Amino acid sequence: MVKFSLFALSSFLCTVQAVASSSAAQNKNLRAPIGTIDKQTHRKLSYEYIARYRPASQVTDHNAIDLDQKIIEEQIARQTESSFALAKSVYEDGGHSKSYARLTINSGTPTESDGAVFSGLDSLGFEVTGKVYERSSTPSGELWLQYSTTDIQRNYVGCQVGALAKTGNEKTEGCFQGPTGTVSSGSNVYNYSYDPKTDTFNGRTIKGFSTSVQSRMLDCPNCPYKDAKYFVDYYGNADYADKWISAAFDGGQTNFLSGRGNANFNLYGLVGRGECAKKGTAYMAIFMYVIREFEDAIDDCKLNCISCNDDPVHAWDEGVAFYSGSLEGEDGVPTGKLLHELADKRCADFNTCVDEDNSRSHINNELLNLFNVGQGQLQAGLCTEARQT
């Protein structure tokens, strides 16, 4: 099954490489890749680079999904059933992306809508802000606030908890203070109760990338997306990645409806289960969501409209963030955990590296060109050209 997944990934990367070669000449007027990042000679842009790609929107929170993958791999490396359970918790509940607080309101009834900004204090008396999150899903008596994020990756959000409270990797310094406090929006002030370690959750998880395939890749407008349908048709389940990953963590069976690609992890030891789990999270669940973001960007593109394509460009930037991850840094040094790192790690095996150290892949160079060109096309409202890219 993993071989099948990697084969699909390789086919995707090879296809992208071929398209890049044929389209390079006609796209010279659009954004070209940056070979190196020299802060002394290049103008400082609003947003930090992601592995040599310059996003046009804030995606630091999206870029941090690889930190969940990092913790998952660290727990798997401990090679115990209890550490596998912890890794599964991080896979399911997250810890680093779209952090939000569930405040129990002790006075008043908040009526603010999604996106309304609230401010409060952390445990040291510094201001913390967040916006109303998932108002329609919030139980009576509660207020859910998604923590504000910054443009700087190293301190993009100050509150990182979720499942990290179980692994000991939580960061609560930037959370709203507990066990009680006040938050305000405009003239409205509310008293609340809140425990940062138990009442902080994450709205973006690696598991969610798989369990949302049905709604976001098959049943959505302009769907089904071709790549997602390939995998769903093969396995017979929209959440095929989650079934694979969960079975590997638990030592169980996949039981795909199609009968194809099944695995019985009762027959595997911890080493084999761990390899299948961590490759499933990075190369099955996240991989398909990367493609989904690019598809979504093109679907939302407004033809020949230069000033109305911010949302498509943001979705495109998200795709690059999920492909690369924060650990790649601004220059793409091969230290990551996601698909960008896979390409760099394996280029030596296929003699496709572009540096003497055999650590930078040709395919990442080609993808960088496509990422930049595609972003420029979306900004210019060149929707047909963006789809070809």
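Before reading further, recall that the structure is shown in the block above.
Residues numbered from 1 in each chain as written. Predicted model: local features only at pLDDT ≥ 70, side-chain atom pairs only at ≥ 80, totals over all residues. Heavy atoms only, no water.

**Some details on helix α3 (residues 65-77)**
For α3, which comprises 13 residues, the first-to-last C-alpha distance of 19 Å matches the rise-based estimate of 18 Å (1.5 Å per residue) to within 8%. Counting buried positions along α3 yields 10 of 13 residues, so the element is predominantly enclosed. For α3, the complete set of buried residues consists of Ile65, Asp66, Leu67, Asp68, Gln69, Ile71, Ile72, Glu73, Gln75 and Ile76. Phi turns positive one or two residues past the end of α3, at Gln79, with a value near 60 degrees. (Helix = DSSP H or I, 4+ residues; strand = E, 2+ residues; numbered from the N terminus. Expected span 1.5 Å × (residues − 1). Buried < 20%, exposed > 50% of the residue type's maximum accessible area, 1.4 Å probe, protein only.)

**Quick look at the packing of helix α11 (residues 310-324) against helix α13 (residues 362-379)**
Two numbers describe how α11 lies on α13: the axes approach to 9 Å, and their chain directions differ by 165 degrees. Judged by the angle between their axes, α11 and α13 are roughly antiparallel. The element α11 and its partner α13 pack so that their crossing is left-handed. Across the interface between the two elements, Pro312, Val313, Trp316, Asp317, Val320 and Tyr323 of α11 pack against Asn364, Leu367, Leu370, Phe371, Gly374, Gln375, Leu378 and Gln379 of α13. When grouped by side-chain class, the residues that make up the contact of α11 with α13 number nine nonpolar, four polar and one charged. (Axes fitted to C-alpha atoms, helices over the stretch in contact; angles between N-to-C directions. Parallel < 35°, antiparallel > 145°, perpendicular 65-115°, else oblique. Left-handed = near helix turned anticlockwise from the far one by under 90°. Contact = heavy atoms within 4.5 Å. Nonpolar A, V, L, I, M, F, W, Y, C, P; charged D, E, K, R; others polar.)

**Observations regarding the pattern of salt bridges**
Counted under the stated rule, the structure contains 17 salt bridges. With its nearest N and O atoms 3.2 Å apart, the salt bridge here joins Glu73 to Lys337. Taken as a pair, Glu73 in helix α3 and Lys337 in the loop between α11 and α12 (339-346) lie far apart in primary sequence, 264 residues in all. Owing to a relative accessible area of 25%, Lys337 belongs among the partly exposed residues under this scheme. Lys88 is paired through a salt bridge with Asp250; the nearest N and O atoms lie 2.8 Å apart. Note that Lys88 is positioned in helix α4 (residues 81-93) and Asp250 in helix α9 (residues 240-250), a separation of 162 residues in sequence. Classification of Asp250 by relative accessible area gives partly exposed; the value is 47%. (Salt bridge = Lys/Arg side-chain N within 4 Å of Asp/Glu carboxyl O.)

**Comments concerning empty space enclosed by the protein**
Following the criterion strictly, the structure yields one cavity of 30 Å³ or more and no others. In this model, the largest cavity occupies a volume close to 60 Å³. Ile50, Ala51, Arg52, Tyr53, Val320, Tyr323, Ser324, His340, Asn364, Leu367, Leu368 and Phe371 together form the lining of the largest cavity. Listing elements by their share of the lining of the largest cavity, those giving two or more residues are α11 and α13. In terms of residue count, the dominant contributor to the lining of the largest cavity is α13 (four residues). A class-by-class count of the residues in the lining of the largest cavity yields eight nonpolar, three polar and one charged. (1 Å grid on protein atoms, 1.4 Å probe; cavity = no way out; pocket = protein on both sides within 12 Å on 5 of 7 lines; lining within 4 Å. Points joined across faces, edges and corners; volume = space filled by probe spheres on them.)

**A word on the packing of aromatic side chains**
A complete count under the given rule lists 23 aromatic pairs for this structure. Judged by centre distance (6.1 Å) and plane angle (45 degrees), the rings of Tyr91 and Phe249 are tilted. Here the residue Tyr91 occupies a position in helix α4, and Phe249 occupies one in helix α9, the gap between them amounting to 158 residues. Ring-pair connections join several aromatic residues into one group, and the members of that group are Phe231, Tyr234, Tyr235, Tyr240, Phe256 and Phe287. Positioned above the aromatic ring of Phe201 is the side chain of Arg102, whose terminal nitrogen or guanidinium carbon lies 3.9 Å from the ring centre. Positioned over the ring face of Tyr234 is Arg260, at 5.4 Å from the centre of the ring. (Phe/Tyr/Trp six-rings, centres within 6.5 Å; stacked < 30°, edge-to-face > 60°. Lys NZ or Arg CZ within 6 Å of the ring centre and 35° of its normal.)

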